[in-house]
Amino acid sequence: MASYRVALTGGAGAGKSAAAQVFAECGAVVVDADQIAHELLEPGQAANAAVRTAFGDDQIADSEGRILRPRLRERVFSDPRARKTLEAILHPPIQELMRGRSRGARPYAVLVIPLLAETGRPPWIDRVLVIDAEPSVQRRRLQERGLDAISIERLLAIQASPAVRRALADDILENAGSLQALAEGVRTLHARYQARATTP
Ligand SMILES: CC(C)(COP(=O)(O)OP(=O)(O)OC[C@H]1O[C@@H](n2cnc3c(N)ncnc32)[C@H](O)[C@@H]1O)[C@@H](O)C(=O)NCCC(=O)NCCS
Ligand SMILES: Nc1ncnc2c1ncn2[C@@H]1O[C@H](COP(=O)(O)OP(=O)(O)OP(=O)(O)O)[C@@H](O)[C@H]1O
């Protein structure tokens, strides 16, 4: 039987990781694009070398070749050309690893893809779940994570609008209440996805 793959997307701080954790606790296989991006930037990876060459070793890496992610983030969130350069290096291997790691997943896979609306829906995705929170709530959560006000505004400005994202959705999870309410919403969806995944 082919894998059943659900893409989970949403704006920064909307609650994708929190929802993904509950899907994992329910037994879904979770694959996260942001985590894969971090893995690909590790020393020894081809993307690490490509990023250091493109952005300048002395600018964005330490003496051991470790990418200084906050510095790279600052650069790419304030310069669209730099962002395109980084995305051109990282997005093809991210796509390949997302697809590979979710192949054969049982009962089904949740792929956390923050930029689904920006990059387009891959043909191998069966269903799109959008998690949404009020922009004021996103800002507060990002602030709590230590991002400064300018970085928060830049980040929200370069991401797709909630309307564009919601237009892609088969399901929408409103993350407006408590973490417990979010977990209940996830468990309801899990039951539905599990049934779809196992129905021939
Ligand atoms: C820029 C990088 C080095 C910053 O790393 P850092 O650990 O500081 O932040 P983190 O990865 O947690 O991202 C912070 C927030 O920015 C969002 N984000 C990341 N990259 C992008 C991007 N190219 N465009 C818009 N939003 C982005 C993330 O989803 C998250 O909400 C890293 O995010 C990265 O390598 N991004 C490029 C790869 C990418 O496009 N990833 C998104 C998933 S496809
Ligand atoms: N309903 C909620 N109630 C309280 N806190 C929440 C709720 N949902 C998420 N959070 C918290 O808000 C923060 C951001 O959530 P999370 O990391 O899941 O967002 P995200 O969409 O994965 O963000 P990013 O794309 O930036 O990684 C986390 O600290 C998380 O625990």
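Residues numbered from 1 in each chain as written. Chains lettered and ligands numbered in written order. Predicted model: local features only at pLDDT ≥ 70, side-chain atom pairs only at ≥ 80, totals over all residues. Heavy atoms only, no water.

1. Quick look at the site of ligand 2
Reasoning step 1: Taken together, 14 residues surround ligand 2, and among them Lys16, Ser17, Ala18, Arg145 and Asn175 come closest.
Reasoning step 2: Within the side chain of Lys16, an N or O atom sits 2.6 Å from an oxygen atom of ligand 2.
Reasoning step 3: Within the backbone of Gly177, a nitrogen or oxygen atom sits 2.9 Å from a nitrogen atom of ligand 2.
Reasoning step 4: Protein coverage of the free-state accessible area of ligand 2, which is 630 Å², stands at 73%.
Reasoning step 5: Ranked by residues supplied to the shell around ligand 2, first place goes to helix H1 (residues 16-26) with three residues.
Reasoning step 6: Split by residue class, the shell around ligand 2 holds four nonpolar, seven polar and three charged. (Near = heavy atom within 4 Å. Polar contact = N/O pair within 3.5 Å; in protein donor to acceptor, adjacent residues only side chain to side chain. Areas by Shrake-Rupley, 256 points an atom, 1.4 Å probe, with all protein chains shown as cover. Helix = DSSP H or I, 4+ residues; strand = E, 2+ residues; numbered from the N terminus. Nonpolar A, V, L, I, M, F, W, Y, C, P; charged D, E, K, R; others polar.)

2. Describing the site of ligand 1
Reasoning step 1: Taken together, 20 residues sit near ligand 1, with His38, Arg69, Arg73, Glu87 and His91 positioned nearest.
Reasoning step 2: One of the side-chain N or O atoms of His38 is found 2.8 Å from an oxygen atom in ligand 1.
Reasoning step 3: Protein chains shield 91% of the accessible area of ligand 1, which is 770 Å² for the free molecule.
Reasoning step 4: Elements represented by at least two residues in the shell around ligand 1 include exactly helix H2 (33-40), helix H5 (69-78), helix H6 (80-102) and helix H9 (149-158).

3. Structural notes on the environment of Tyr4
Reasoning step 1: Note on placement: Tyr4 falls in the segment before strand E1 (5-9).
Reasoning step 2: With 120 residues separating them along the chain, Tyr4 and Trp124 place their C-alpha atoms 9.0 Å apart.
Reasoning step 3: Setting aside residues up to four positions removed in sequence, Tyr4 forms contacts with Tyr108, Ala109, Asp126, Arg127, Tyr193, Arg196 and Ala197. (Contact = heavy atoms within 4.5 Å.)

4. Some points on the packing of aromatic side chains
Working definition: an aromatic ring pair is given by the centre-to-centre distance plus the angle between the planes.
Reasoning step 1: Applying the stated criterion to the full structure yields two aromatic pairs.
Reasoning step 2: Taking the centre distance of 6.1 Å and the plane angle of 20° together, the rings of Phe23 and Tyr193 count as stacked. In this pair, Phe23 sits in helix H1 while Tyr193 sits in helix H11 (residues 179-198), placing the two residues 170 residues apart along the sequence. The same class applies to Phe23 as to Tyr193, namely buried.
Reasoning step 3: Summarising the aromatic geometry, the rings of Tyr108 and Tyr193 are spaced 5.8 Å apart at their centres and angled 70° between planes, so their arrangement reads as edge-to-face. Here Tyr108, found in the loop between H6 and strand E3 (109-112), pairs with Tyr193, found in helix H11; they are 85 residues apart in sequence, far enough to count as distant. For the pair Tyr108 and Tyr193, a shared accessibility class is recorded, and that class is buried.
Reasoning step 4: A network of ring pairs unites the aromatic residues Phe23, Tyr108 and Tyr193 as a single cluster. (Phe/Tyr/Trp six-rings, centres within 6.5 Å; stacked < 30°, edge-to-face > 60°. Buried < 20%, exposed > 50% of the residue type's maximum accessible area, 1.4 Å probe, protein only.)

5. Some words on unusual backbone geometry
Reasoning step 1: Residue Pro107 is reached from Arg106 by a cis peptide bond, and omega for that bond is 0°.
Reasoning step 2: For Pro107, the location among the structural elements is in the loop between H6 and E3.

6. A look at the side chain of Asn175
Reasoning step 1: Here Asn175 lies in the loop between strand E5 (171-174) and H11.
Reasoning step 2: Apart from residues lying up to four places away in sequence, Asn175 is in contact with Ala14, Gly15, Ile131, Asp132, Ala133, Arg141 and Leu182.

7. Considering the pattern of salt bridges
Reasoning step 1: Applying the stated criterion across every chain yields a total of twelve salt bridges.
Reasoning step 2: The partner of Arg127 in a salt bridge is Asp171, with the nearest N and O atoms 2.8 Å apart. With a gap of 44 residues between them, Arg127 in strand E4 (residues 127-132) and Asp171 in strand E5 connect regions that are remote in the sequence. Both residues of the pair, Arg127 and Asp171, count as buried.
Reasoning step 3: Glu144 is the salt-bridge partner of Arg140, the closest N and O atoms lying 3.7 Å from each other. (Salt bridge = Lys/Arg side-chain N within 4 Å of Asp/Glu carboxyl O.)

8. A word on the UniProt feature "binding site: ATP" (unreviewed entry) in the chain
Reasoning step 1: Those places that UniProt annotates as "binding site: ATP" (unreviewed entry) correspond, in this numbering, to Gly13, Ala14, Gly15, Lys16, Ser17 and Ala18.
Reasoning step 2: The buried category is assigned to Gly15, whose relative accessible area is 15%.
Reasoning step 3: When neighbours within four sequence positions are excluded, Gly15 is seen to be in contact with Ile131, Arg141, Asn175 and Leu182.
Reasoning step 4: Among the structural elements, Ser17 can be located in helix H1. (UniProt positions renumbered as here; feature names shortened; annotations may be inferred.)

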